[in-house]
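Coordinate analysis (summary)
Listed here are the chains, written in short residue letters.
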Amino acid sequence: MKRAGFANPWLPILLLVPQLSIIAVFFYWPAGYAIQSSFFLQDPFGFGSTFVGTDNYTDLLGASEYRKVAWFTVIFTLLVTFFSLSISLLLAVKADNILRGAKTYRTLLMWVYAIAPPVAGFIGIMMFDQSTGPITDFFKSLGWDFKLGVNYVDTATAMIIVSVWKQVPVNFIFFLSGLQSIPRSVREAALIDNRSGFRRFWDVTFPLLAPTGFFLLIINITYSLFDTFGVVDTLVKGEPGNNPMTLVYKVYVDGFRGNDLGGSSAQSVILMVLVLALTVFQFRLLERRIHYT
């Protein structure tokens, strides 16, 4: 087989320059500046800064509020990732089997993906409104006095529901594509070997979807940690108070509202290290169980 090559050795480097420039300007430069700022106590108006070493980190790790936000972020990430993947997989299986009205069914599920996170948050506010919200009325019929923005658990529940609703369509698209790429001969052979639909799915279909599922696992964890910022900011109505918040939103609140630039930089560095460690864990341990065909 003939190998692809470049006549000029500088051409591939030249082609990579635009992408590398974007990464350097929008990731490495801000990350380096955040690391530098985390060791200083900075004046919010830019009149000076004082080197404090690791005091910003020790203050954060010793603060009970930061640990509370960290635990909520872990629980929030796990729940959003689990429900987003499980619901979208269920819908994809049903969409793959449905015959009549299949295109309409799939299109309706994909529409939500076009909605921006802040818009999804505004829709959540309308749905969970204490006066006219239909979901709030449904909860009241069950004896649950739901109060968005007032009760900690209620606000957290709304955040999770809206975040899951926003992420289900993109997972649905990938799962449906993965299901449709499974050869028909494999499905027919599985149908002959086992009449149980659940066993066929668990023993044949699910392993073949493992590469897609692993990719979506990483995407959904990243979404839960970072891309839900707009949903959280909208649902707490700009007044976090005692309401739950994620680590990313706390960086924004402390940095841009509390004017603690050094502390917020330290938070962003800690979050960056945690995400890097989680990514390494996923690729080193989980990917070994994934078989690509």
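Preceding this section is the structure that the text describes.
In what follows, the accompanying structure is described. These numbers come from a predicted model, not from an experiment. (Residues numbered from 1 in each chain as written. Predicted model: local features only at pLDDT ≥ 70, side-chain atom pairs only at ≥ 80, totals over all residues. Heavy atoms only, no water.)

Counting secondary structure elements, the chain contains 13 helices and two strands. For the chain, buried positions account for 35% of its 293 residues. Across the chain, the fraction of contacts at a sequence separation of at least 24, relative to all contacts at a separation of at least 6, is 65%. (Helix = DSSP H or I, 4+ residues; strand = E, 2+ residues; numbered from the N terminus. Buried < 20%, exposed > 50% of the residue type's maximum accessible area, 1.4 Å probe, protein only. Contact = heavy atoms within 4.5 Å.)

Next up on the list: the pattern of salt bridges. Under the definition given, this model contains three salt bridges. With its nearest N and O atoms 3.8 Å apart, the salt bridge here joins Lys147 to Asp145. For Asp145, a relative accessible area of 47% translates into the label partly exposed. With its nearest N and O atoms 3.1 Å apart, the salt bridge here joins Lys250 to Asp254. Taken as a pair, Lys250 and Asp254 lie in helix 12 (residues 247-257) at a separation of four residues, close to a single helical turn. Taken together, the shared-partner salt bridges in this structure form one network comprising Glu65, Lys250 and Asp254. (Salt bridge = Lys/Arg side-chain N within 4 Å of Asp/Glu carboxyl O.)

According to the stated counting rule, one finds 16 aromatic pairs in the structure shown. With a centroid separation of 5.3 Å and 65° between ring planes, the pair formed by Trp144 and Phe146 is classed as edge-to-face. Both rings, one in Phe229 and one in Tyr252, keep their centres 5.3 Å apart while their planes meet at 90°; by these two values the pair is edge-to-face. With Phe229 in helix 11 (residues 229-235) and Tyr252 in helix 12, this residue pair connects regions lying 23 residues apart in the sequence. The exposure class assigned to Phe229 is partly exposed, which follows from its relative accessible area of 26%. Residue classification places Tyr252 among the partly exposed positions, given a relative accessible area of 25%. (Phe/Tyr/Trp six-rings, centres within 6.5 Å; stacked < 30°, edge-to-face > 60°.)

At a minimum axis separation of 6 Å, helix 3 (residues 64-97) and helix 7 (residues 152-180) run at an interaxial angle of 40°. Comparing their axes, helix 7 and helix 3 come out oblique. Here the hand of the crossing between helix 3 and helix 7 comes out right-handed. By residue class, the composition of the contact of helix 3 with helix 7 is 22 nonpolar, six polar and two charged. (Axes fitted to C-alpha atoms, helices over the stretch in contact; angles between N-to-C directions. Parallel < 35°, antiparallel > 145°, perpendicular 65-115°, else oblique. Left-handed = near helix turned anticlockwise from the far one by under 90°. Nonpolar A, V, L, I, M, F, W, Y, C, P; charged D, E, K, R; others polar.)

For the rest of this paragraph, the subject is the nonpolar core. Formed by 35 residues in total, the largest nonpolar core has its most connected members in Phe128, Leu148, Met159 and Leu235. For this core, the secondary structure elements donating two or more residues are helix 2 (55-61), helix 3, helix 5 (117-127), helix 7, helix 11, helix 12 and helix 13 (261-286). For this core, the leading source of residues is helix 7, giving seven residues. Setting aside its immediate chain neighbours within four residues, Met159 contacts Phe72, Phe76, Val231, Val232, Leu235, Val236 and Pro244. One finds Leu85, Ala95, Ile182 and Leu209 within the second-largest nonpolar core, a separate group that totals eleven residues. (Core = buried A, V, L, I, M, F, W, Y, C linked by side-chain atoms within 4.5 Å.)

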